[in-house]
Amino acid sequence: MPITDVTIVRRCADCSAEIGTMTVKKDNMRLMTSDMNWCEDCGAETREVRDIAEREATVTAEQGSYPGNPPVADVSAAEFRRRRRAGIAT
Ligand SMILES: [Zn+2]
């Protein structure tokens, strides 16, 4: 299976503190950014640098638990059907 998602680690350009991670499609990956982010350690807005944190096994294992992955629409639809069924039953 091809790896299409990569995990990007976002770091403060000044002190290298980790700001956070994000998962992006490999095709949309942009490591160059001029975004500014608040760094707790620096106590200031700093430039952001990005690294690839490509741990394929971990990425694959975590994909099922990513909050962004399950489409919200499906959850809502299932919930809607459940409620409608409950409404009909009572
Ligand atoms: Zn910093």
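Residues numbered from 1 in each chain as written. Predicted model: local features only at pLDDT ≥ 70, side-chain atom pairs only at ≥ 80, totals over all residues.

What about the overall build of the chain?
To be explicit about the condition: Strands are runs of DSSP state E lasting at least two residues, helices are runs of H or I lasting at least four, and both sets are numbered from the N terminus onward. Using C-beta atoms placed from the backbone, we call a residue buried if 20 or more other C-beta atoms fall within 10 Å of its own, exposed if 12 or fewer do, and partly exposed for counts in between. Note on contacts: each residue gets a C-beta atom placed from the backbone, and two residues are in contact if those atoms are within 7 Å.
Scanning the chain for helices and strands turns up two helices and four strands. Going residue by residue from the N terminus, the α and β elements of the chain occur as β-β-β-β-α-α. Within the chain, the proportion of its 90 residues that are buried is 4%. Expressed as a percentage of contacts within the chain between residues at least 6 apart in sequence, the contacts between residues at least 24 apart total 47%.

Looking at unusual backbone geometry
With the exception of glycine, the majority of residues adopt a negative phi angle, and the majority of peptide bonds are in the trans configuration. Unusually for a residue other than glycine, S16 sits at a positive phi of about 65°. Tracing the sequence through the fold places S16 in the loop between β1 (5-12) and β2 (18-25).

A closer look at the pairing of strand β3 (residues 36-39)
The condition is simple: In this scheme, strands are said to pair when DSSP sees at least two bridges between them.
Where β3 and strand β4 (residues 44-52) come together, four bridges link them in antiparallel fashion. Counted as the bridge partner of N37 is T46 from β4. The turn linking β3 back onto β4 is made up of four residues, and G43 within it adopts a positive phi angle of 65°.

Side note on the sheet that holds β1
In plain terms, the rule: Where helices are involved, their axes are fitted lines through C-alpha atoms of the stretch in contact, as for all axes, and angles between N-to-C directions lie from 0 to 180°.
With antiparallel pairing, four strands are arranged side by side in an open sheet as β2-β1-β4-β3. This sheet does not close on itself; its edge strands, each paired only once, are β2 and β3. Adjacent strand axes in the sheet meet at a mean angle of 45° when their direction is disregarded. Of the strand pairs in this sheet, β1 and β2 are connected by seven bridges, and their pairing is antiparallel. By the bridge assignment, I8 is partnered in β2 with M22.

Describing the environment of M29
Examined against the element boundaries, M29 turns out to sit in the loop between β2 and β3. Using a count of 12 C-beta atoms within 10 Å as the deciding quantity, one classes M29 as exposed. Counting along the chain gives 23 residues from M29 to V6, while the straight-line C-alpha distance between them is 7.9 Å. Setting aside residues no more than four positions away along its own chain, M29 makes contact with V6 and V24.

Section: the confidence of the model for the chain
Note the following rule: As a per-residue measure, pLDDT tells how confident the predictor is, with possible values from 0 to 100.
Per-residue pLDDT for the chain has a mean of 78; in total, 69% of the residues score no lower than 70. Per-element confidence in the chain is highest for β4, whose mean pLDDT is 92, and lowest for helix α1 (residues 56-63), whose mean pLDDT is 56.

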